[in-house]
Protein chains: 2
Amino acid sequence: MSEVIAAVDAIDVRFPTSRELDGSDAMNPEPDYSAAYVTLRTSGGEEGFGLAFTVGRGNDVQVAAIRALAPLVVGLPVAEVLADLRGFSDRLTGDSQLRWLGPHKGAIHMAAGAIVNAAWDLYARREGKPLWRLLAEMSPTQLVSLVDFRYLRDALTPEEALDLLQRAQPGREQRQNDLLARGYPAYTTTPGWLGYTDEKLVRLSKEAVDDGFGLIKLKVGADNDTDIRRVALAREAVGAGIRIAIDANQAWGVEQAISWLKSLAAYDPYWIEEPTSPDDVLGHAAIRQAVAPIKVATGEHCHNQVMFKQLLQANAIDVLQLDATRVAGVNENIAILLLAAKFGVPVCPHAGGVGLCEMVQHLAMFDYVAVSGSTEGRVIEYVDHLHQHFVDPVAIRGGRYVAPEGPGIGARMRPESVAAYKFPDGPQWTTQR
Amino acid sequence: MSEVIAAVDAIDVRFPTSRELDGSDAMNPEPDYSAAYVTLRTSGGEEGFGLAFTVGRGNDVQVAAIRALAPLVVGLPVAEVLADLRGFSDRLTGDSQLRWLGPHKGAIHMAAGAIVNAAWDLYARREGKPLWRLLAEMSPTQLVSLVDFRYLRDALTPEEALDLLQRAQPGREQRQNDLLARGYPAYTTTPGWLGYTDEKLVRLSKEAVDDGFGLIKLKVGADNDTDIRRVALAREAVGAGIRIAIDANQAWGVEQAISWLKSLAAYDPYWIEEPTSPDDVLGHAAIRQAVAPIKVATGEHCHNQVMFKQLLQANAIDVLQLDATRVAGVNENIAILLLAAKFGVPVCPHAGGVGLCEMVQHLAMFDYVAVSGSTEGRVIEYVDHLHQHFVDPVAIRGGRYVAPEGPGIGARMRPESVAAYKFPDGPQWTTQR
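Residues numbered from 1 in each chain as written. Chains lettered and ligands numbered in written order. Predicted model: local features only at pLDDT ≥ 70, side-chain atom pairs only at ≥ 80, totals over all residues. Heavy atoms only, no water.

As named in an unreviewed UniProt entry, chain A is L-fuconate dehydratase, taken from Phytohabitans kaempferiae. Recorded in UniProt for chain A, the comment headed Cofactor (unreviewed entry) runs: "Mg(2+)". According to its UniProt record, chain A has this under Catalytic activity (unreviewed entry): "L-fuconate = 2-dehydro-3-deoxy-L-fuconate + H2O". (UniProt positions renumbered as here; feature names shortened; annotations may be inferred.)

Here it is, written out as structure tokens:
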């Protein structure tokens, strides 16, 4: 009998980060960074790992959504799944009944992403390669075949995608060597959480510069005077040569965003992230036009490739911040990287969270080697917490991500961490709550 | 002790509609029309009813999402809740952890809508009024206070909303009498499901005209030749004086929609509904420009007021099809009605499903009496099934909805139906499966 997918397990894992106000911002005052953690098991005893990141309450709903999708793929022959990961993705995102809960958005779409990513993890483990290298070694034709172009053709045709991948082929090997030698540029959000004191903000900002980061990020949007004070303090701490990005986490309406940003312009913010509703394509375009040269960035809540397509078509963003677990996994993120390359917009992935740094680095590195061919204006977010819970934690050296060489997509958690932080019955929740 | 919300119960109710191919379309070949059914119970023994409509699998996820939100409101004093339904809505849509699963979209947003609607149902029952009348008798100031303008101000300010409601005040009483005397125009989708034979399509189309409907709707988008044959048959059956709307249920890309519609233009379709991804604001605008005078309609999958705002700002739609259970309930639908009125776009609500006709009629009737002040170009969808499961089923006379006079929002199901169709353990599922 051929090997089949035997099970798709989902576990509710939560970290009590709200106790320290790590991760606090204008919309998330007290997050408990969490993961709906997926283990895809084959009848041959192999495993693939994926997850959907959430911020606490609702992680159980995310687990329920994964369990609702699991019957669609349990029993499928593994060889067929890995030979057609596009078909596997379509099966999960296109189910005629479950798609009603989206379509292509929210809990059910993130659940599809967690399972799709687990299948990619299994594939990469089998091939003995990190995801970035697995993708970077695929042919342009193979890569194009992974993408669903149904709703994209008015902005990007398969022929255009093929052409841009082919044009990036000549330098692949050289860029791969460069990546292995020098890593990929990172920026850090560690200094700037809204719950931190001024003293902690200044100290961490200086430390970030000392650690080699050229860009730091501060949360804004709760109170205008506080923002002015904090951004001014950070600018004073890091000097004129370091970029300071600011992140409003959707706090503002369109006109409010424009006026608030004018009050911060004197401190030369590099980009404004999530100035308003993540759904407001036209709003982002209006803000961008009004606040230039401050760049506009968004993406961590951008729920699918159709929304990214429009952000690009409307000239609404300067920086595209894809996320490893918001959309339907590796396939949709390849589509998003191709769209960004077509429109010439740099991708600076959203990370932090639980395992997002570990996963998203692969997408940025693949982009460098085989899609955009550049790290110009590109940085991966980095936040220094929760990495100890991963089997293959990221490594940062001199403000750059070290290219991972182990197999997989980076989502595998340490079994003892899963056991300890399982919600609500793991010992970290039953004994310290 | 003051009366509080004692419980928010959610039950998974599914009807095996796939057995008859009722409701079949290009994206939903075999739906089992379902409801995540909410009963909000007070400590004083009162009840309010709401629901989220789904099409089968995934209804359990919808129930899980409602249960995840319930703790946010259980224990709240009922008097405070009903005095501030805007605050109640914000509490459910703005929870800093649960909003991550959207934000403002998908399962978690529909769950908020089901609970918000249940609170409105309780309120209307207390007042002894149908929802449409409860709303139509509120002052413009009260109505404006129910809306969250954070992300709307660039398209509609509270002042503009107040102004347009005030301008609609003079004729309220006359229109209310007209509504009670004549009802509200309906159209029917009953003839046009994709799974029906040509013979059934022709027969039901003729019956619809005989029943007084001036507009019928056909599903399209699965096969171009089939569509041409079916639309031609329907046109022949109903003659030139009856409007035929067509509905592609998101089947096409932007360019594909335009060419496919050209092949059907000879049969004079009145509107094309959901020609492409419901998220594609710019795509709808491009299609509208290319296929005029065929009108472009969408909304049943439009996940929140920010998306409707953009569809209007981009001149992307001729017809706005709000849905009773896709967005966060009555409050958000008031915002959507106000936006539509500001932009002069008629609202023709999506219905069918489970209880959608029963619920959505209240919103259209409120719109007529107190917002747009008109039924010109406006019709409520009507599908003739599953009404027998509701305590207050809709009544259609001469192709028009009869204005309901009983208290509530229309979502209350018959207890025996809930017991019979409860999934997976109701007798309709255990004995006939």
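Now that the structure has been shown, the text picks up again.
This brings us to the packing of helix α13 (residues 305–313) of chain A against helix α14 (residues 330–343) of chain A. Relative orientation and spacing of two packed helices are given, respectively, by the angle between their axes and the distance between those axes. Residues and elements named next belong to chain A. Orientation of α13 relative to α14, taken along the N-to-C sense of each, is 10°, at an axis distance of 10 Å. As far as their axial angle goes, α14 and α13 are roughly parallel. Only Glu332, Ala335, Ile336, Leu339, Ala340 and Phe343 of α14 make contact with α13, whose side of the interface consists of Gln305, Phe308, Lys309, Leu312 and Gln313. When the residues that make up the contact of α13 with α14 are grouped by side-chain class, the tally is 7 nonpolar, 2 polar and 2 charged. (Axes fitted to C-alpha atoms, helices over the stretch in contact; angles between N-to-C directions. Helix = DSSP H or I, 4+ residues; strand = E, 2+ residues; numbered from the N terminus. Parallel < 35°, antiparallel > 145°, perpendicular 65-115°, else oblique. Contact = heavy atoms within 4.5 Å. Nonpolar A, V, L, I, M, F, W, Y, C, P; charged D, E, K, R; others polar.)

All names here are of chain A. In space, the 3 strands of this open sheet follow the order β1-β2-β3, with antiparallel pairing throughout. The open sheet terminates on both sides in strands that have one partner only, identified here as β1 (5–14) and β3 (47–54). With strand direction ignored, the average angle separating the axes of adjacent strands in the sheet is 20°. Those strands touched by helix α1 (residues 59–69) are β1, β2 (34–42) and β3, and its axis lies near 175° from that of β1. (Pairing = 2+ DSSP bridges.)

Moving on, we come to the domain arrangement of chain A. Residue and element names in this part refer to chain A. The domains assigned to chain A are domain 1 (5–132) and domain 2 (166–417). Domain 1 puts 44 residues into the contact, and the matching count from domain 2 is 49 residues. Here domain 1 packs against domain 2, burying approximately 3700 Å² in sum over the two surfaces, 66% of which is carbon and sulfur. Our count for the domain 1 to domain 2 interface comes out at 1 salt bridge. With a closest N to O distance of 3.6 Å, arginine 412 and glutamate 47 form a salt bridge. Linking domain 1 with domain 2 are 13 residue pairs in polar contact (both at pLDDT 80 or more). Those elements giving two or more residues to the side of domain 1 that touches domain 2 turn out to be β2, β3, α3 (85–93), α4 (106–127) and α5 (131–136). When residues in the side of domain 1 that touches domain 2 are grouped by element, the largest group, 10 residues, is from α4. Residue composition of the side of domain 1 that touches domain 2, grouped by class: 22 nonpolar, 13 polar and 9 charged. (Domains from an automatic or database assignment. Buried area = accessible area lost by both parts, 1.4 Å probe. Salt bridge = Lys/Arg side-chain N within 4 Å of Asp/Glu carboxyl O. Polar contact = N/O pair within 3.5 Å; in protein donor to acceptor, adjacent residues only side chain to side chain.)

It is worth spelling out helix α14 (residues 330–343) of chain B at this point. Residues and elements named next belong to chain B. Helix length check: α14 (14 residues) gives 20 Å between terminal C-alpha atoms against 20 Å at 1.5 Å per residue, within 8%. Burial analysis of α14 places 11 of its 14 residues in the buried class, the great majority of the element. Within α14, the full set of buried residues consists of Val330, Asn331, Glu332, Asn333, Ile334, Ala335, Ile336, Leu337, Leu338, Leu339 and Ala340. (Expected span 1.5 Å × (residues − 1). Buried < 20%, exposed > 50% of the residue type's maximum accessible area, 1.4 Å probe, protein only.)

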